[in-house]
Each structure stands twice: as structure tokens, then as C-alpha cells.
Amino acid sequence: MFYIGCHLSVAKGFAAMGKTAESIGANVFQFFTRNPRGGSAKAIDSDDAAKLLEISDNLGFGKLLAHAPYTLNACAANGDTRQFAFDTMADDLKRMEYFPHNYYNFHPGSHVGQGIETGIEKIADVLNGILTESQTTTVLLETMAGKGSEVGGKFEELRAIINRVELSNKVGVCLDTCHVFDAGYDIVNDLDGVLKRFDDVIGLQWLKAVHLNDSKNPLGSHKDRHEKIGQGFIGADAIKRIITHPSLKNLPFYLETPNELDGYAKEIQLLKSWREKKTPPPRYCQRGGE
Ligand code: FE
Ligand code: FE
Ligand code: ZN
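These figures come from a predicted structure and were not determined experimentally. (Residues numbered from 1 in each chain as written. Chains lettered and ligands numbered in written order. Predicted model: local features only at pLDDT ≥ 70, side-chain atom pairs only at ≥ 80, totals over all residues. Heavy atoms only, no water.)

Student: Outline the layout of surface pockets, listing residues and values.
Tutor: Of the pockets and cavities examined, the largest pocket occupies roughly 690 Å³. Lining the largest pocket are 30 residues; nearest its centre among them are His7, Gln30, Phe32, Tyr70 and Glu256. Those elements that provide at least two residues to the lining of the largest pocket are α1 (14-23), β2 (28-32), β5 (109-110) and α9 (261-276). Considering each element in turn, the lining of the largest pocket owes the most residues, three residues, to α1. For the lining of the largest pocket, a count of residues per class yields nine nonpolar, 13 polar and eight charged. Lining the second largest pocket are 20 residues, and of these Val10, Phe14, Thr33, Lys42 and Arg95 sit closest to its centre. Among the secondary structure elements, those contributing two or more residues to the lining of the second largest pocket are β2 and α3 (79-96). Ranked by the residues each element gives to the lining of the second largest pocket, the list is headed by α3, at three residues. Residue composition of the lining of the second largest pocket, by class: 10 nonpolar, four polar and six charged. (1 Å grid on protein atoms, 1.4 Å probe; cavity = no way out; pocket = protein on both sides within 12 Å on 5 of 7 lines; lining within 4 Å. Points joined across faces, edges and corners; volume = space filled by probe spheres on them. Helix = DSSP H or I, 4+ residues; strand = E, 2+ residues; numbered from the N terminus. Nonpolar A, V, L, I, M, F, W, Y, C, P; charged D, E, K, R; others polar.)

Okay, here's the thing in C-alpha cells:
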């Protein structure tokens, strides 16, 4: 099964996202748990949540991917900022239990001059504070572009965080194709090598989801600016190899490309055609009515 979808707006509620996903040919999607810049979240309407689960069940959707506000910094130097990240993520995880057994993705953080080691320790501490034995959600650490003092631009950093997490069965990794490329991993010319590296350092069994984006900038630029599929420095051929790679093809793919809904619908259709390889059987094999 090819699980493909995109980031959707949560503004009209959960069931509405399910319907939107269906309308654009998606069978997975991502959404922000609250305003992406942080702040309070409105109470979850349990009827609306239940409706989404029903839609998702009926249509055979893959994993829902909730994305934490990207301004959270679990390794902030400022105590209040870090506490805010802690409280927000803990609250998000409670809310995620309305949607059991799905994914919650977050940006590990920026060490803002405290050093990578301190960053890694603080992020692991936050995870150790918020993860619970009873939660059904898997928390995904996103691979980052290594912009500024971002933690998570190197596979080793994600491994070091996971090593310090007590309930490590509750965490995983989300690979963002734009971010890893911008971080210097050459998924265009050496996808096998990059995945081997991921496997050696983190372990491919930790990889749970892919953010599928092209990049506006070249390899190693540390910029993190997403581009439409096939229109950036990663390009169509590399993206074809990514979505059909044996180590990746069973994972859910979420587009975060600069598109409106119609643009997403087109990209999803294009990606599906790349997956199917479009080789119709010869005419004489076709049976009437099939
Ligand atoms: Fe992200
Ligand atoms: Fe991403
Ligand atoms: Zn990004």
C-alpha cells in the first residue's frame, strides 16, 4: 500500500480533514496540534475526533501525523521557554489519545549556543518527563537541516537523544527529505549510502515516517526551504527512487511542499503514477469486464 498525503489545515476540524484528504486522493495526512507558533489549543471535540477515526477506518487511512508547534524548543536556555515546550508537548500527548496509535512529530530543538551535548541532554530530559508507559502515541524526532544551532541535523544527534530516552519504545524518527539533503546527506546521488548510514547510526527500524519535500537549495545548504516535488535540487528522479526504495516504500509519506490543495492533489497523483510505474498489460491479456 502506498501511503501518501500532505499537511492539512485543522481549522475546520478533524472530520473535515479526513474528507479533504479523501478529496485530494490522500490516505494519510499531517496537521498541527495547535497554532504552529505555539499558544493554547482549543478543547478537542470528541464527536469530531470520533468522526475522523470512522472516516479513516472506512477509507483505510494510514497513520495520522500530528506536528508539534515548530517554535517549541525543548532545549532552550531560558527556563520558561523550555517549560513551555514541556507543558505543550505533554498536553499534546494527552490530546493524541483521542486518536490512539498514531504519530506525534516534533523538531528536537536549537541549543542556542549551549553546545550540542547540552542540547541533546535537555531534549532527552523533556522526553523522559512527558513520555508515559500508557501512551499509545509514538513520538517522532524529525531530522533537521542543521540550520543555526538546530539539534538533529546529524543522525548521530538523534541516536544520542534516543540513547538517553528511558521509554525508547515510545519514540521514532521522521525523515524529512528536504532537511536531510540540506543537512548534507546526498539522497540524490547516494540514497543507498544515506540509508545505510541511517541504519548504522540510528537503525532503520526507528524510521516511522517520511516528510516528502523537494529543496529550494543545494546539498548541505543548511537552509530548510521546501520546494514543490521535482522543482528543486532533489528533483523528480531522486524522489521516484525515494518513494520506491525497498527500505522506505512501506512508510507513510507526507508532503509539506509549498502548495494549496489543488497543488497537493496533483503531486499526489503524480507520485502515485511513479509508484505504479504505469505498465499496462498487453492487450491480449485483458479480459472483458475487468
Ligand atoms: Fe517539521
Ligand atoms: Fe518536515
Ligand atoms: Zn522544513
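Student: Would you mind going over empty space enclosed by the protein in detail, with residue names and values included?
Tutor: Taken as a whole, this structure holds one cavity of 30 Å³ or more when the rule is applied. Considering only enclosed or pocket space, the largest cavity measures out at about 30 Å³ in volume. Surrounding the largest cavity, Leu175, Thr177, Ile187, Leu191, Val194, Leu195, Ile242 and Leu248 form its lining. No other element matches helix α7 (residues 191-201), which puts three residues into the lining of the largest cavity.

Student: Kindly report on the state of the cysteines, identifying the contributing residues and their values.
Tutor: Within this structure, the stated rule accounts for zero disulfides. Cysteine cysteine 75 remains unbridged, with the sulfur of cysteine 174 as its closest cysteine sulfur at 18 Å. What makes cysteine 75 buried here is its relative accessible area of 0%. (Disulfide = S-S within 2.5 Å. Buried < 20%, exposed > 50% of the residue type's maximum accessible area, 1.4 Å probe, protein only.)

Student: Could you give an account of the sheet that holds strand β3 (residues 64-67), naming the residues involved and the relevant values?
Tutor: The eight strands are arranged β1-β2-β3-β4-β6-β8-β9-β12 in a closed barrel whose pairing can be described as parallel. On average, each strand axis in the sheet is inclined to that of its neighbour by 30 degrees, with strand direction left out of account. As defined by bridge partners, strand β9 (residues 207-212) adjoins strand β12 (residues 253-255) across three bridges and the pair is classed as parallel. Within β12, the residue paired with histidine 211 across the bridge is tyrosine 254. (Pairing = 2+ DSSP bridges. Axes fitted to C-alpha atoms, helices over the stretch in contact; angles between N-to-C directions.)

Student: Quick rundown of the packing of aromatic side chains? Include the residues and the values.
Tutor: Aromatic ring pairs are defined here through the distance separating the ring centres and the angle between the ring planes. In total, this model carries nine aromatic pairs according to the counting rule given. An aromatic cluster is built from Phe14, Phe29, Phe31, Phe61 and Phe99, whose rings are joined through pairwise contacts. Here the guanidinium or amino end of lysine 63 rests over the ring plane of tyrosine 103, the centre of that ring lying 5.5 Å away. (Phe/Tyr/Trp six-rings, centres within 6.5 Å; stacked < 30°, edge-to-face > 60°. Lys NZ or Arg CZ within 6 Å of the ring centre and 35° of its normal.)

Student: Any details on α9? Residues and values, ideally.
Tutor: Given a rise of 1.5 Å per residue, 16 residues ought to cover 22 Å, and the 22 Å separating the end C-alpha atoms of α9 matches this to within 8%. In this structure, the buried residues of α9 make contact with β1 (4-7), β9, α8 (235-244) and β12. Just downstream of α9, lysine 277 is the residue with a positive phi angle, here 60 degrees. (Expected span 1.5 Å × (residues − 1). Contact = heavy atoms within 4.5 Å.)

Student: How would you explain the coordination of the iron ion (ligand 1) if you had to name every residue and give the values?
Tutor: Each protein donor to the iron ion (ligand 1) is listed here as His67 (NE2), His107 (NE2) and Glu142 (OE); together their distances run 2.1 to 2.2 Å. Along the chain, the residues donating to the iron ion (ligand 1) fall in the pattern H-x39-H-x34-E. A spacing of 3.3 Å is found between the iron ion (ligand 1) and the iron ion (ligand 2), which share glutamate 142 as a donor. Taken together, the residues span a long stretch of sequence, with histidine 67 in strand β3 and glutamate 142 in strand β6 (residues 138-142) at a distance of 75 residues. Like glutamate 142, histidine 67 is buried. (Donors = N, O, S within 2.8 Å, 3.2 Å for Na, K, Ca; no water.)

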